[in-house]
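A look at the structure
What follows is each chain in one-letter form.
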Amino acid sequence: MTFSHEQVMTKHPSAKAVSFQKLVEDYGATHFHEALTRYIAQQNRGNHPAPLHSQELDVLARSIHFPFHRLPVFHKVKWRSVDACGHGEAHVTLDSVHAKPRQRLGSRLVAHRSDTALVSLGANTNDLQGM
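Below, the structure is looked at part by part. These numbers come from a predicted model, not from an experiment. (Residues numbered from 1 in each chain as written. Predicted model: local features only at pLDDT ≥ 70, side-chain atom pairs only at ≥ 80, totals over all residues. Heavy atoms only, no water.)

1. Quick word on the pattern of salt bridges
Using the following cut-off: Any Lys or Arg side-chain nitrogen found within 4 Å of a carboxyl oxygen on Asp or Glu counts as a salt bridge.
Counted under the stated rule, the structure contains 5 salt bridges. Here the residues in one salt-bridge network are K22, D26 and R102, joined through shared partners.

2. Focus on helix α1 (residues 20-27)
Helical geometry note: an α-helix holds 3.6 residues per turn, so side chains three or four residues apart project in the same direction. Under the convention used in this document: Each residue is placed in one exposure class: buried if its accessible area under a 1.4 Å probe, protein chains only, is under 20% of its type's maximum, exposed if it is over 50%, and partly exposed if it falls in between. Comment: elements are numbered from the N terminus, with helices defined as DSSP H or I runs of at least four residues and strands as E runs of at least two. Our arc is simply the arc of the directions from the helix axis toward the C-beta atoms. The contact definition used throughout considers only heavy atoms, calling two residues in contact when any of these lie within 4.5 Å.
Within α1, burial applies to F20, L23, D26 and Y27. Seen along its axis, α1 keeps its buried residues to an arc of 150°; they face one direction. For α1, the secondary structure elements touched by its buried residues are β2 (15-19), α2 (32-44), β3 (70-73), β5 (93-100) and β8 (113-114). After α1 finishes, the residue G28 shows a positive phi value of roughly 75°.

3. A look at the nonpolar core
Spelled out, the test is: Definition of nonpolar core: a set of buried residues of the types Ala, Val, Leu, Ile, Met, Phe, Trp, Tyr and Cys, connected through side-chain atoms within 4.5 Å.
Counting residues in hydrophobic clusters, the biggest one holds 13 residues, and the most contacted among them are A15, V18, F20, L23, Y27, A41 and V73. Among the secondary structure elements, those contributing two or more residues to this core are β2, α1, α3 (54-62) and β3. The greatest single-element share of this core, amounting to 3 residues, is contributed by α1. Those residues in contact with V18 that sit more than four places away from it in its chain are L23, Y27, H69, R70, L71 and V73.

4. Section: the packing of aromatic side chains
The test is simple: Only Phe, Tyr and Trp rings take part, Trp by its six-membered ring, and two of them pair if their centres are within 6.5 Å. Stacked means planes under 30 degrees apart, edge-to-face means over 60, and tilted covers everything else.
For the structure shown, the criterion picks out 4 aromatic pairs. Here the aromatic rings of F20 and F66 are separated by 5.9 Å at their centres, their planes lie at 50°, and the arrangement is tilted. Of this pair, F20 sits in helix α1 while F66 sits in the loop between α3 and β3, and the two are 46 residues apart along the sequence. Classification of F66 as buried rests on a relative accessible area of 16%. Members of the aromatic cluster, joined through ring pairs, are F20, F32, F66 and F68.

5. So, the packing of α2 against α3
Where we set the bar: Inter-axis angles, ranging from 0 to 180 degrees, are taken between N-to-C directions of lines fitted to C-alpha atoms, where helices are fitted over the stretch in contact. Throughout, the term roughly parallel applies to angles under 35 degrees, roughly antiparallel to angles over 145, roughly perpendicular to angles from 65 to 115, and oblique to all others.
Contact geometry for α2 and α3: axes closest at 8 Å, N-to-C directions at 100°. Between α2 and α3, the angle is such that the two are roughly perpendicular. Contacts between α2 and α3 involve T37, R38, A41 and Q42 on the former and, on the latter, S54, L57, D58, L60 and A61.

6. Points about the side chain of H98
In this structure, H98 sits in strand β5. Not counting chain neighbours up to four residues away, the residues in contact with H98 comprise H75, K76, R113, S114 and D115.

This is the structure we're talking about:
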């Protein structure tokens, strides 16, 4: 079965300005900066027919520099069903992804939480290569 769905996020981020270092330390996103630069390098190529090899992508990624050092972070993303026909409940949560930083509760340190999500990188991706 397939459902029409919509992505739902809060209007404001859970944390307004999280540094790259805090993403590593508190969220466990150890390779976030490198992954973001590689993603941007790949997207800058547009619909170029020849795929990039890993080394070529690394070279392009090294040339990307950010004019910022902090990012807003959303701790929850939901996907809700859209009932186009008006039958049943209008919005039912189909899936969600959570991320929470490590926290100190008194003398206890609570580990970070990060759900794993597979994200489709294109309209015609039906296998793990396109995720």
